[in-house]
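Here is how the chains run, residue by residue.
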Amino acid sequence: MWSGRSRALLRVWELWPAGVPGRRLLSCNAASQARSNSPGCWNCGVPGAPGLGDGFFCPQCRALQPPDRARDYFSLMDCNRSFRVDTTKLQRRYQELQRLVHPDFFSQRSQTEKDFSEKHSTLVNDAYKTLLAPLSRGLYLLKLHGVEIPEGTDYEMDKQFLMEIMEINEKLAEAQSEAAMKEVESIVRAKQKELTDNVGKAFEQDDFEKAKEILTKMRYFSNVEEKLKLKKIPL
Ligand SMILES: [Zn+2]
């Protein structure tokens with residue numbers, strides 16, 4: 001009985017020092033797996049390597065691979081991780097990717113590839129839309145820097161700004177003619193342009209608090225834009 005207990009103790013002591021390097025070994029493996037980025041082709045098993053068409057396809061059997069969820073939208077859309085985005089280049093990249101992964105091109109392929117192509121296509125659409133509009137691009141970039149503005153939370157806005165928004169909303173509510181609508185539209189557009197320029201500068205200076213404040217303002221104006229669109233739809 002006694003000897004059994006000491007054997008058990010011994011085992012504990014043997015395990016203890018062994019556990020530490022063991023864990024280290026595990027994290028090493030995880031790191032090297034992350035480096036190679038893929039456990040290998042799901043179809044033929046060839047080890048993960050940058051393959052055809054941006055790593056979307058297996059270099060050996062050409063099967064479409066699943067989307068890399070760790071890849072951010074900027075990398076996927078081949079843009080620098082910055083607020084200033086070349087929208088012409090973005091659009092070109094979007095078309096190029098859709099030509100690679102769109103479900104229409106996979107109708108004759110296996111169900112697995114059909115599913116992957118749906119996922120890729122959705123991801124490419126989301127990435128494109130997010131990076132195209134300044135507000136969503138800014139919010140996304142902020143999120144990559146670990147800063148989020150939860151929906152529905154009122155950032156501490158200055159009174160002057162809230163008054164400005166109230167006035168524009170009133171103007172919109174009262175607008176009865178096309179000219180009056182156009183006036184509101186041009187005010188909002190000018191404001192958004194100014195804010196977009198300013199948020200670009202804030203990001204260039206890595207001033208994320210400033211960027212957060214400006215993006216919150218942009219969100220208010222974006223709400224006005226939504227209301228404008230709804231009002232424009234003829235009943
Ligand atoms: Zn393969």
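Quick notes on the rules
- Residues numbered from 1 in each chain as written.
- Predicted model: local features only at pLDDT ≥ 70, side-chain atom pairs only at ≥ 80, totals over all residues.
- UniProt positions renumbered as here; feature names shortened; annotations may be inferred.
- Helix = DSSP H or I, 4+ residues; strand = E, 2+ residues; numbered from the N terminus.
- Buried ≥ 20, exposed ≤ 12 C-beta atoms within 10 Å, placed from the backbone.
- Contact = placed C-beta atoms within 7 Å.
- Axes fitted to C-alpha atoms, helices over the stretch in contact; angles between N-to-C directions.
- Parallel < 35°, antiparallel > 145°, perpendicular 65-115°, else oblique.
- Nonpolar A, V, L, I, M, F, W, Y, C, P; charged D, E, K, R; others polar.

- In the annotation of an unreviewed UniProt entry, the protein chain is listed under the name Iron-sulfur cluster co-chaperone protein HscB and assigned to Oryctolagus cuniculus.
- Quoted straight from UniProt, the Pathway (unreviewed entry) entry for the protein chain says "Cofactor biosynthesis; iron-sulfur cluster biosynthesis."
- Listed in UniProt under the heading Sequence similarities (unreviewed entry), the comment for the protein chain reads: "Belongs to the HscB family."

## Here we look at the overall build of the protein chain
1) Next: Along the backbone of the protein chain there are nine helices and zero strands.
2) Next: In sequence order, the protein chain lays out its α and β elements as α-α-α-α-α-α-α-α-α.
3) Next: Looking at the protein chain residue by residue over its 235 residues, the buried ones come to 17%.

## Looking at helix α6 (residues 134-144)
1) Next: Within α6, burial applies to P134, R137, G138, L139, L141 and L142.
2) Next: Of the surrounding elements, those touching the buried residues of α6 are α5 (111-132), α8 (178-204) and α9 (208-232).
3) Next: Just downstream of α6 lies G146, where phi reads positive at about 85 degrees.

## Details of the environment of Q98
1) Next: Examined against the element boundaries, Q98 turns out to sit in helix α4 (residues 87-101).
2) Next: Between the C-alpha atom of Q98 and that of S121, which follows or precedes it by 23 residues, the distance is 6.5 Å.
3) Next: Sequence-distant contacts of Q98, that is, excluding residues within four places in its chain, are made with S121 and V124.

## Topic: unusual backbone geometry
1) Next: In this structure, D78 takes a positive phi of about 60 degrees despite not being glycine.
2) Next: Position of D78 among the secondary structure elements: in the loop between α3 (73-76) and α4.
3) Next: In this structure, D206 is a non-glycine residue whose phi angle is positive, near 55 degrees.
4) Next: D206 sits in the exposed class, given 9 other C-beta atoms within 10 Å.

## Things to note about the packing of helix α7 (residues 159-174) against α9
1) Next: Where α7 contacts α9, the axes come no closer than 11 Å and their chain directions differ by 5 degrees. By the angle between their axes, α7 is roughly parallel relative to α9. Taking contact as the criterion, the partners of F161, I165, I168, N169 and L172 in α7 are, on α9, K217, Y220, V224, K227, L228 and K231.
2) Next: Partitioning the contact of α7 with α9 into residue classes produces seven nonpolar, one polar and three charged.

## What about the packing of α4 against α5?
1) Next: Running from N to C, α4 and α5 point in directions that differ by 175 degrees, and their axes come no closer than 10 Å. With respect to their mutual orientation, α4 and α5 come out roughly antiparallel. Residues T87, L90, Y94, L97, Q98 and V101 of α4 form the contact with α5, whose participating residues are S117, H120, S121, V124, Y128, L131 and L132.
2) Next: Across the contact of α4 with α5, the residue classes break down as eight nonpolar, five polar and no charged.

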